[in-house]
Amino acid sequence: MASPATVASTVPRDKRGRILDAALERFAHYGYRRTSMEDIAQVAGISRAALYLHFKNKEEIFRALARTLHERAIADAAVAARRPGSVALQLQQALEAKLGPFFAIVHGNAHGRELLDENSRICGDISEEFRQQHLAILRRVIDAATKNGDLKPSRAGLNATSAAEMLLDAAKGIETSGATAPTPASYQRRLAQLVAVLVLGLGGTTATASRKTQRR
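None of the values given here were measured: they were computed from a predicted structure. Numbering of residues begins from 1 in every chain and follows the order in which that chain's sequence is written. A pLDDT threshold of at least 70 governs which residues receive local features in this predicted model, and a stricter bar of 80 or more applies before side-chain atom pairs are shown or counted, although totals over entire chains, interfaces and linings include all residues. Remark: hydrogens and water are excluded; side-chain values derive from all non-hydrogen atoms of the structure.

Now for the pattern of salt bridges. Just to be clear on terms, a salt bridge is a Lys or Arg side-chain nitrogen sitting within 4 Å of an Asp or Glu carboxyl oxygen. Considering all chains together, one arrives at eleven salt bridges under this definition. The shortest N-O distance in the salt bridge between arginine 131 and aspartate 169 comes to 3.1 Å. Of this pair, arginine 131 sits in helix H8 (residues 124–147) while aspartate 169 is found in helix H9 (residues 160–176), placing the two residues 38 residues apart along the sequence. Relative accessibility decides the category of a residue: with a 1.4 Å probe and only protein chains considered, values under 20% of the type maximum give buried, values over 50% give exposed, and everything between is partly exposed. On the basis of relative accessible area, arginine 131 is assigned to the partly exposed category, the value being 24%. With relative accessibility at 43%, the residue aspartate 169 sits in the partly exposed group. To qualify as a helix, a DSSP run of H or I must reach at least 4 residues; to qualify as a strand, a run of E must reach at least 2; elements of each kind are numbered from the N terminus.

Moving on to H8. Expected span of a helix, by definition, is 1.5 Å for each gap between consecutive residues, and there is one gap fewer than residues. In this model, H8 (24 residues) spans 34 Å end to end at C-alpha, consistent with the 34 Å of a helix rising 1.5 Å per residue. Regarding H8, the residues found buried are Ile126, Phe130, His134, Leu135, Ala136, Ile137, Leu138, Val141, Ile142 and Ala145. Packed against the buried residues of H8 are helix H5 (58–81), helix H6 (87–107) and H9. Within two residues after H8, glycine 149 carries a phi angle of roughly 90 degrees, on the positive side. Should any heavy atoms of two residues lie within 4.5 Å, those residues are counted as being in contact.

The biggest cluster of nonpolar side chains holds 63 residues, and the ones touching the most others in it are Leu51, Ile61, Leu91 and Leu95. Looking at which element gives the most residues to this core, the answer is H5, with eleven residues. Among buried residues, those of type Ala, Val, Leu, Ile, Met, Phe, Trp, Tyr and Cys that are joined through side-chain atoms within 4.5 Å constitute a nonpolar core.

What follows is about the packing of H8 against H9. Throughout, an axis means a line fitted to C-alpha atoms (over the contacting stretch in the case of helices), and angles, computed between N-to-C directions, take values from 0 to 180 degrees. Two elements in contact, H8 and H9, have axes whose closest approach is 8 Å; the angle formed by their N-to-C orientations is 120 degrees. Comparing the axis directions of H8 and H9 gives the class oblique. Crossing of H8 against H9: the hand is right-handed. In this structure, H8 uses Arg131, His134, Leu135, Leu138, Arg139, Ile142 and Asp143 to contact H9, whose residues at the interface are Ala160, Thr161, Ala163, Ala164, Glu165, Leu167, Leu168 and Asp169. Taken together, the residues of the contact of H8 with H9 break down into eight nonpolar, two polar and five charged. Under this scheme an angle from 65 to 115 degrees is roughly perpendicular, one under 35 degrees roughly parallel, and one over 145 degrees roughly antiparallel; angles in between are oblique. Each helix crossing is assigned a hand: it is left-handed if the near helix lies turned anticlockwise from the far helix by less than a right angle, otherwise right-handed if that turn is clockwise. Under the scheme applied, nonpolar residues are Ala, Val, Leu, Ile, Met, Phe, Trp, Tyr, Cys and Pro; charged residues are Asp, Glu, Lys and Arg; polar residues are all the others, including Gly.

Right, let's talk about the confidence of the model for the protein for a bit. Each residue carries a pLDDT score, the predictor's own confidence in it, on a scale running from 0 to 100. For the protein, per-residue confidence averages 90 on the pLDDT scale, and residues scoring 70 or more make up 89% of the total. The low-confidence segment residues 1–12 (pLDDT under 50) makes 28 contacts with residues lying over four places distant or belonging to another chain.

Here the focus is the packing of aromatic side chains. Both the distance between ring centres and the angle between the ring planes are used here to describe each pair of aromatic rings. Any two of the Phe, Tyr and Trp rings considered here, Trp counted by its six-membered ring, make a pair once their centres fall within 6.5 Å; the pair's planes then place it as stacked at under 30 degrees, edge-to-face at over 60, or tilted in between. If you walk through the whole model with that rule in mind, you get four aromatic pairs. Considering the side-chain rings of phenylalanine 27 and phenylalanine 62, the 5.5 Å spacing of their centres and the 55 degrees angle between planes classify their relative orientation as tilted. A residue pair is termed long-range when its members are at least 10 positions apart, and phenylalanine 27 in helix H2 (residues 15–30) and phenylalanine 62 in helix H5 qualify at 35 residues. Overall, phenylalanine 27 belongs to the buried group, its relative accessible area being 1%. Given a relative accessible area of 7%, phenylalanine 62 falls into the buried group. With a centroid separation of 5.1 Å and 80 degrees between ring planes, the pair formed by tyrosine 32 and phenylalanine 62 is classed as edge-to-face. One end of the pair, tyrosine 32, is in the loop between H2 and helix H3 (37–44); the other, phenylalanine 62, is in helix H5, with 30 residues separating them in the sequence. Across this residue pair, the class does not change: tyrosine 32 and phenylalanine 62 are buried. Through a chain of ring-to-ring contacts, the aromatic side chains of Phe27, Tyr32 and Phe62 assemble into a single cluster. Looking at lysine 58, its charged tip hangs above the ring of tyrosine 32, at a distance of 4.4 Å from the centre. For a ring to carry a charge above it, either NZ of a lysine or CZ of an arginine must fall within 6 Å of the ring centroid while also lying within 35 degrees of the normal to the ring plane.

This is the structure:
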């Protein structure tokens, strides 16, 4: 999974992009509350007056950063879900592509919990917007597998929509469960296990539940 520095490098490199890069770096290093507009301007290499030409306050920057990161992650998830492979592989790749960058930000620095709380306070509508887009990606994978007979969610009293919701909610739960935060490796491993269990529960076989299976 990507580190916060790698996540920052995915932001476009125009002036607005440099500002968002700088904001992510400062938020990760100092937290949201201790980061000032002056801090962000200095790291971006612009004057504070120039910064205010693009953003009226720190909250607006935070929202723009959240949207930019979500847009990149959801685009990556859509690509990942279309790659050849088993149902489990497609689902896990779609989960990792969308959730992985935010896992790196939250668990990759000492201020992750604060950033998560601020995201809930400031960007709840943005998070929900992209959650729905992510659910649509997962739903398409499950729906396609159902149509070709690889999955039979009705046996568990589910459909593609409810199965996608269950999978995403469980994947988010893995990130926050336990006494200590999971490492990137353990998070990936548990995601793979979760997807395999869900696929089997939806009537898949051991082949469709294997992330190594490749379609021909």
